[in-house]
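# Descriptive analysis of the structure
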Amino acid sequence: MYDYLIVGSGLFGAVCAYELNKAGKKCLVLEKRPHIGGNVYTENTEGINVHKYGAHIFHTSDKEIWNYINNFAEFNNYVNSPVARYKNECYNLPFNMNTFTKLWNDVFTPDEAKKRIEEERADSLVENPENLEQQAIKLVGKTIYEKLIKGYTEKQWGRPCAELPPFIIKRLPVRFTFDNNYFNDRYQGIPIGGYTAIIEKMLKGVEVRLNCDFFDDRAAFEKCAEKIIFTGAIDRFYDYRFGALQYRSVRFETEVLDTDNYQGNAVVNYTGSDVPYTRIIEHKHFEFGTQPKTVVSREYSAEWKMGDEPYYPVNDEKNNALYEKYKKLSENDANVIFGGRLGQYKYYDMHVVIKNALQTVAEELNTVR
Ligand code: FAD
Ligand code: UDP
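Just so we're clear, the structure is a prediction, and the values are computed from it rather than from any experiment. Each chain has its residues counted from 1, running along the sequence as written. Going through the entries in the order they are written, you letter the chains from A and number the ligands from 1. The model is predicted, so local features are restricted to residues of pLDDT at least 70 and side-chain atom pairs to those at 80 or more, both for listing and for counting; the totals for chains, interfaces and linings are taken over all residues. Only hydrogens and water are set aside; all other atoms, that is, all heavy atoms of the structure, feed into the side-chain values.

### So, the sheet that holds strand β1 (residues 2-7)
Between any two strands, at least two bridges found by DSSP are needed for them to pair. Only DSSP runs of H or I covering at least 4 residues are called helices, and only runs of E covering at least 2 are called strands; the numbering of each starts at the N terminus. Overall, parallel pairing links the five strands, which are arranged β9-β2-β1-β10-β16 in an open sheet. Edge positions in the sheet fall to β9 (207-209) and β16 (336-338), since each has one partner strand and no second. On average, each strand axis in the sheet is tilted by 20 degrees relative to the strand beside it, whichever way the strands run. Relative to β9, strand β2 (residues 27-30) runs parallel, the two being bridged by three bridges. Bridging across to β9, L30 finds its partner in R209. Each of β1, β2 and β10 (225-230) touches helix α1 (residues 11-22); the most contacted strand, β1, lies at about 165 degrees to it. Helix axes are fitted only over the stretch in contact, all axes being lines through C-alpha atoms; the angle between N-to-C directions runs from 0 to 180 degrees. The contact definition used throughout considers only heavy atoms, calling two residues in contact when any of these lie within 4.5 Å.

### What to know about unusual backbone geometry
Here the residue pair L93 and P94 is connected by a cis peptide bond, since its omega of -10 degrees sits within 30 degrees of zero. The residue E46 is not glycine, and still its phi comes out positive at about 55 degrees. Mapped onto the elements of the fold, E46 is located in the loop between β3 (42-45) and β4 (48-51). Positive phi is not limited to glycine here, since K87 has a value of about 50 degrees. Looking at the secondary structure, you find K87 in the loop between β6 (83-86) and β7 (89-92).

Rendered as structure tokens:
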């Protein structure tokens, strides 16, 4: 008999397993994929750590979480500065003075940029935006919305910007300085040696079964532990009783190229609707790689269908309301804890997932954090 059955070996499951194991609890981790790590999994190809399920840049302002993750890896000094490609034009992201001066050839100073954005949004300004389109125009005006936001967002989410929640675009900084850092966080970097090594360290000494889906033998698994920590999709756990939650899925087309530098940057976003993919990742640039070859991944966003890998929860009103029904139902299951991006149906970054996992374990062990 195990103390905890942990379904999923992503960051949430791995942090719980590490902390519970350290506290002397007997844990079993189930992972349906052939490898550990969930979406942060990296795989070495041609000496390059390939982010197999999408580019992952660690960033946080939480010193405790930064110190925690640094126990498992040394981080490099990578600063994410994606480039946006719109037709035959290239712009720096996030939206900053480099973007504004390139876009408008009569704008040179922060005041001129602010004035220009004000003019651009004048006729369509909504004080309290109710959707992403209104929010984006309020933030950066119409030209940037049309060139750098609309096409990318509609490809990524498969919905018109006017039907998406405003919070999605508020993730991006808008700066009136010449600063291409995509994040405002105090700490940022990529773990040297890849994310998989972090998860390996967390799961050292813990029993892990790969290629093992909880639902293949649910009745037996439910009996094998006192408690379950479930990091898969909560609607699946309840057999889609109230209907399926919506997710966005991503398809990655990855290839090795016989050149040492394909695009000169780790992330290039294709923001026009004329290109079918959202972005191209050139993995070596996350670690300043000097290998003779390169590995690139094109990301195609798609609506999730039954059987696909769910990636992004669609946190609009309709889905959030449906999730609340599952959450309420889960409150009757005192022995099951739902955690992580899928278990809690939230668009969480890695540092938040780690924090939540540490909190979950502290509650389990009755230790105050
Ligand atoms: P997951 O990593 O999804 O792990 C869940 C695990 O459970 C998976 O391995 C799955 O196979 C397994 N599982 C599910 N169901 C079952 C079952 N029935 N039986 C057995 N196993 C099961 N965050 C950042 O901070 N920075 C970034 O740059 C960033 N980029 C991202 C890019 C993309 C494309 C995506 C999708 C996410 C990104 N994130 C980023 C978010 C980050 O991936 C998550 O916060 C984090 O990985 C979530 O960890 P998790 O353990 O909750 O989920
Ligand atoms: N976004 C955009 N153009 C870009 C990059 C991002 O319009 O070139 C918007 C898009 O709506 C996206 C949101 O900003 O969903 C958040 O972007 P982020 O890079 O944080 O998304 P992630 O891939 O990390 O979820």
